[in-house]
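# Summary of structural features
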Amino acid sequence: MEEKLSSVAKTFTPSPIQELSHLAQGCNAINLAEGFPDFPAPPCIKQAAISAINNDLNQYRHVQGICDLLALKMKEIHGLNIDPLTDIAICCGQSEAFAATVYVPLDPPRWTLDSEKFSRYSPHNPTGKVFSREELEVIAECCRRWDCVAITDEVYEYITFDNQKHETIASLPGMQERTIITSSLSKTFSITGPKTKLTIVILTAENAKCITVTKLIYCLVFMLVHLVVILGFRVPRYVFSGWRIGWAIAPASAASAIRNIHVKITDSAPAPFQEAALTALSSPPNYFETLRIEYQLKRDFCMKLLDSVGFRIQFKPQGSFFLFAELPKDCLLSDVEYVKELIEQAGVVVVPGRGFFRGPDRPSDGSCRYQKRYIRVAFCKSDATLSAAAQKFGELSYTAREG
């Protein structure tokens, strides 16, 4: 088989994160790395899926009720008029709903947006930044000026803190007709799937007019393979990752194209879990408020924990369920080296921060040294897991700081 591999494929070696993951598994480390909850999904949603399976709702299916509920929520929360019959496509997770992305970096410590940059997430992974209406207007103005389409990934829309409120860019003047909103059940209902936040795709009429549906399918499949194999993106092992219920909300012509591509690739989102989505999307307001309160408590617990062992958190997360923390001042290790020490000495695994930065245009430029000074911590864990991690951190020796 080796002779059949391309010369490019042969040049790839395991990434530092992959090596750290193997090390963590061998040490049975507490997982604060991957963004999946280790606590159960709401019982009523699980029961709805079980009931659908027992009622033999196991074939290709489109549950229009999901679209109806989403249209009502978009009107109630964002004031958008969405036609549930034409403007929504149900997909196999959020990741199937978009075909290309443009990643642009943010600068620490405030992780703000200026007129020369676009952000991929809001609330943002890994920093927890929730972009303001003024910052979204910077993107909207660029889209209007250049006749571009904004594709947003809004899976953290209900997980915001300290009275911050997520706003969709589609609610800004002139943007509903040029925005494709993608989201899923994953983060809100602890049935997480692949990533996903605000992602901007530049799609002009000029570069799109010659693309056929077949070409789009090939482009989507190629891009997913490219993300996983070429760029090293990993598909996390999430709670109930097989649920894969996501959607795209867009002008009718775009939604129709997305549905057609979806049918060609996967045909149908899992039927029993579409039925369960009806229960999830019908959750009362107090469910979402409780969700925010519980995650805010977890955020505060982890901030206090990291601060107690010398980490610097210059930006308090406003949303999502991640912390992006700078290594202690007296720590001479890089992010990867520190994570290795953390696994071996404390039995806790987090994510080295370097993977969230774009590589510097000039590798020797010392101004980019900060890219190796951050770690990401996922606090979407049970209280028992977080307490165990706190105890491990407390027992951590100072070897890692001595370099």
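Residues numbered from 1 in each chain as written. Predicted model: local features only at pLDDT ≥ 70, side-chain atom pairs only at ≥ 80, totals over all residues. Heavy atoms only, no water.

### Notes on helix 12 (residues 383-395)
A rise of 1.5 Å per residue sets the reference length of helix 12, with its 13 residues, at 18 Å; its end C-alpha atoms lie 18 Å apart and thus fit the reference within 8%. Lining the buried residues of helix 12 we find strand 1 (30-31), helix 10 (285-308), helix 11 (335-346) and strand 7 (348-349). (Helix = DSSP H or I, 4+ residues; strand = E, 2+ residues; numbered from the N terminus. Expected span 1.5 Å × (residues − 1). Contact = heavy atoms within 4.5 Å.)

### Some details on the pattern of salt bridges
Applying the stated criterion across every chain, the model contains twelve salt bridges. Among the ionic pairs, D162 bridges to R299, the shortest N-O distance being 2.8 Å. D162 sits in the partly exposed class, given a relative accessible area of 36%. Using a relative accessible area of 0% as the deciding quantity, one classes R299 as buried. Salt-bridge contacts for E326 lead to R312; the nearest nitrogen and oxygen are separated by 2.6 Å. Here E326, found in strand 6 (residues 322-326), pairs with R312, found in the loop between helix 10 and strand 6; they are 14 residues apart in sequence, far enough to count as distant. On the accessibility criterion, E326 (11% relative accessible area) is buried. (Salt bridge = Lys/Arg side-chain N within 4 Å of Asp/Glu carboxyl O. Buried < 20%, exposed > 50% of the residue type's maximum accessible area, 1.4 Å probe, protein only.)

### So, the pairing of strand 6
Counting buried positions over the five residues of strand 6 gives five, a clear majority of the element. Summarising the sheet, strand 6 and strand 9 (residues 374-378) pair through five bridges and their orientation is antiparallel. The partner of F324 across the bridge, within strand 9, is R376. (Pairing = 2+ DSSP bridges.)

### Digging into the packing of helix 3 (residues 43-54) against helix 9 (residues 271-281)
For any two helices packed against each other, the geometry is given by the interaxial angle and the distance between the axes. Closest axis-to-axis distance for the helix 3/helix 9 pair is 8 Å, and the angle between their directions is 145°. Taken as a pair, helix 3 and helix 9 cross one another with a handedness that is right-handed. On helix 9, the residues that touch C44, I45, A48, A49, A52 and I53 of helix 3 are P272, F273, E275, A276, T279 and A280. Of the residues in the contact of helix 3 with helix 9, the class split is ten nonpolar, one polar and one charged. (Axes fitted to C-alpha atoms, helices over the stretch in contact; angles between N-to-C directions. Left-handed = near helix turned anticlockwise from the far one by under 90°. Nonpolar A, V, L, I, M, F, W, Y, C, P; charged D, E, K, R; others polar.)

### Structural notes on the confidence of the model for the protein chain
Averaged over every residue, the pLDDT of the protein chain is 77; residues scoring 70 or more account for 74%. The low-confidence segment residues 115-120 (pLDDT under 50) makes 25 contacts with residues lying over four places distant or belonging to another chain. Segment residues 193-242: pLDDT under 50, and 117 contacts once partners within four positions in sequence are set aside and those in other chains are kept. (pLDDT = per-residue confidence, 0-100.)

### Some remarks on the packing of helix 10 against helix 12
Where helix 10 meets helix 12, the axes come as close as 10 Å, and the angle between the chain directions of the two elements is 5°. As the angle between them shows, helix 10 and helix 12 are arranged roughly parallel. Across the interface between the two elements, K298, F301, C302, L305 and L306 of helix 10 pack against D383, L386, S387, A390 and F393 of helix 12. Residues that form the contact of helix 10 with helix 12 fall into these classes: seven nonpolar, one polar and two charged. (Parallel < 35°, antiparallel > 145°, perpendicular 65-115°, else oblique.)

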